[in-house]
Amino acid sequence: MSDNLKKLSDQGVSIWLDDISRERLRTGDLENLVKEKHVVGVTSNPTIFAKALSKGSAYDEQVRDLVRRGVSVDEASRAITTYDIRWGCDVLRPVYDRTEGLDGRVSIEVDPRLARKTAETVAEARALWWMVDRPNLFIKIPATEPGLPAITAALAEGISVNVTLIFSLERYGKVIDAFFEGLEQARANGHDLTRIASVASFFVSRVDTEIDKRLDKIGGDEAKALRSKAGVANARLAYALYEEKFGTDRWKALKDAGARPQRPLWASTGVKDPDLPDTLYVDRLVAPGTVNTMPEATLEATADHANITGDTVTGAYDDARAHMAALKKVGVDYDDVVKVLEDEGVDKFEVSWNELLGTISGELGKQEAGA
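Residues numbered from 1 in each chain as written. Predicted model: local features only at pLDDT ≥ 70, side-chain atom pairs only at ≥ 80, totals over all residues. Heavy atoms only, no water.

Draft legend 1. Region of the structure containing the UniProt feature "active site" (unreviewed entry) in the protein. Mapped onto this numbering, the UniProt entry annotates "active site" (unreviewed entry) at Lys-140. With a relative accessible area of 6%, Lys-140 lands in the buried category. Reaching out from Lys-140, the side chain makes a polar contact with the backbone oxygen of Ser-44 at a distance of 2.9 Å. (UniProt positions renumbered as here; feature names shortened; annotations may be inferred. Buried < 20%, exposed > 50% of the residue type's maximum accessible area, 1.4 Å probe, protein only. Polar contact = N/O pair within 3.5 Å; in protein donor to acceptor, adjacent residues only side chain to side chain.)

See the structure below:
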């Protein structure tokens, strides 16, 4: 059988799993995915942790200890999530060492309630970096306007950052500038740039979901023909911007000082529309030096029937620009789309975080009642 995941890896795409749980860690499942499915990184978010906590008994012993210590729900959430992330970092450490720090990374998100607060985000990033205490950790910071200086500040302190919730090309350009500025400050602060890493998580399927909804409302054959293509087109243009920005003298100076580029990461790669091919956001976003973080269902679908034929990004810039122009022509307001998506993204993560806190509160209550 063709090894599609190896083919994808051979094209320069790092395969990361968008999931983590105590059960996955305890049973060795994550380790097996690393060995058998070419997984070289892990991303997490509050929704993933809430789901993990609500299933099985893997967290019971730690929750009992937290009850005995009388900790707050917020403190318990940090203790539980950083435990899993630290364990995940240890599982991925051989990959980190083998790739000299390129992969083997595990991401944890700052409290999304802080997404519009710069100083608080930086403080939380510092706390999580200290609590996990692993060199292959990524701190996820959202690419909101207040998040941009937080990204710079974290990098300037030597903290590796996964910039999340990027939807617009304009904001992506600012993310790269924040990355450059952070590394420049880190160098001035005496940090070793070879030890600082970053990825920029560009969300894909949510773009199609929002734009397709608008195209359906517009109606007509012209609008219908444009459905479910914007997410890929937007991501391809992001890669074009990546190539442009990392071809500048500003980047060359940082590279000469030992810096690695901030890799584009394709996030939200599970299709939302069941009528679409389930490997759409894998097959059509193959480009060197990228990361694709997949839910397990997408990972399995890719292994089973993806069509990996080589680079499907760098030769498609003109088509991508033409598609975005066609969307504008039929009345889709790109600037409004990406604003709505960012606002919804922050709100959804905050809702998920509150669900996580609610789940933890419920587990603490159950253990307390049973004590």
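Draft legend 2. Structural view of unusual backbone geometry. Phi at His-38 is positive, roughly 60°, even though this residue is not glycine. Phi angles above zero are rare outside glycine, and Leu-165 is one such case at about 60°. Residue class for Leu-165 comes out buried when judged on its relative accessible area of 3%.

Draft legend 3. Representation of the side chain of Ser-201. Residue placement: Ser-201 occurs in strand β6 (residues 198-203). Setting aside its immediate chain neighbours within four residues, Ser-201 contacts Asn-162, Val-163, Thr-164, Leu-165, Ile-166, Leu-265 and Ala-267. (Helix = DSSP H or I, 4+ residues; strand = E, 2+ residues; numbered from the N terminus. Contact = heavy atoms within 4.5 Å.)

Draft legend 4. Quick peek at the packing of helix α9 (residues 169-188) against helix α13 (residues 249-256). Closest axis-to-axis distance for the α9/α13 pair is 11 Å, and the angle between their directions is 40°. Between α9 and α13, the angle is such that the two are oblique. In this structure, the crossing between α9 and α13 has a hand that is left-handed. On the side of α9, the interface is formed by Asp-177, Phe-179, Phe-180, Glu-181, Leu-183, Glu-184 and Arg-187, while α13 contributes Arg-250, Trp-251, Ala-253 and Leu-254. Among the residues forming the contact of α9 with α13, the class breakdown is six nonpolar, no polar and five charged. (Axes fitted to C-alpha atoms, helices over the stretch in contact; angles between N-to-C directions. Parallel < 35°, antiparallel > 145°, perpendicular 65-115°, else oblique. Left-handed = near helix turned anticlockwise from the far one by under 90°. Nonpolar A, V, L, I, M, F, W, Y, C, P; charged D, E, K, R; others polar.)

Draft legend 5. Broad picture of the nonpolar core. Ranked by size, the top nonpolar core spans 125 residues in total, and within it Ile-85, Ile-139, Ile-141 and Tyr-172 carry the most contacts. Sequence-distant contacts of Ile-139, defined by excluding residues within four places in its chain, comprise Ile-108, Val-110, Ala-125, Leu-128, Trp-129, Ile-159, Ser-160, Val-161 and Asn-162. (Core = buried A, V, L, I, M, F, W, Y, C linked by side-chain atoms within 4.5 Å.)

Draft legend 6. Fine view of the side chain of Asn-162. Looking at where Asn-162 falls in the secondary structure, it is placed in strand β5 (residues 161-166). Judged by relative accessible area, Asn-162 falls into the buried class, the value being 0%. A distance of 3.1 Å separates polar atoms of two side chains, one belonging to Asn-162 and the other to Ser-107. Residues within four places of Asn-162 in sequence aside, it is in contact with Thr-43, Ser-107, Phe-138, Ile-139, Lys-140, Ile-141, Val-199, Ser-201 and Leu-265.

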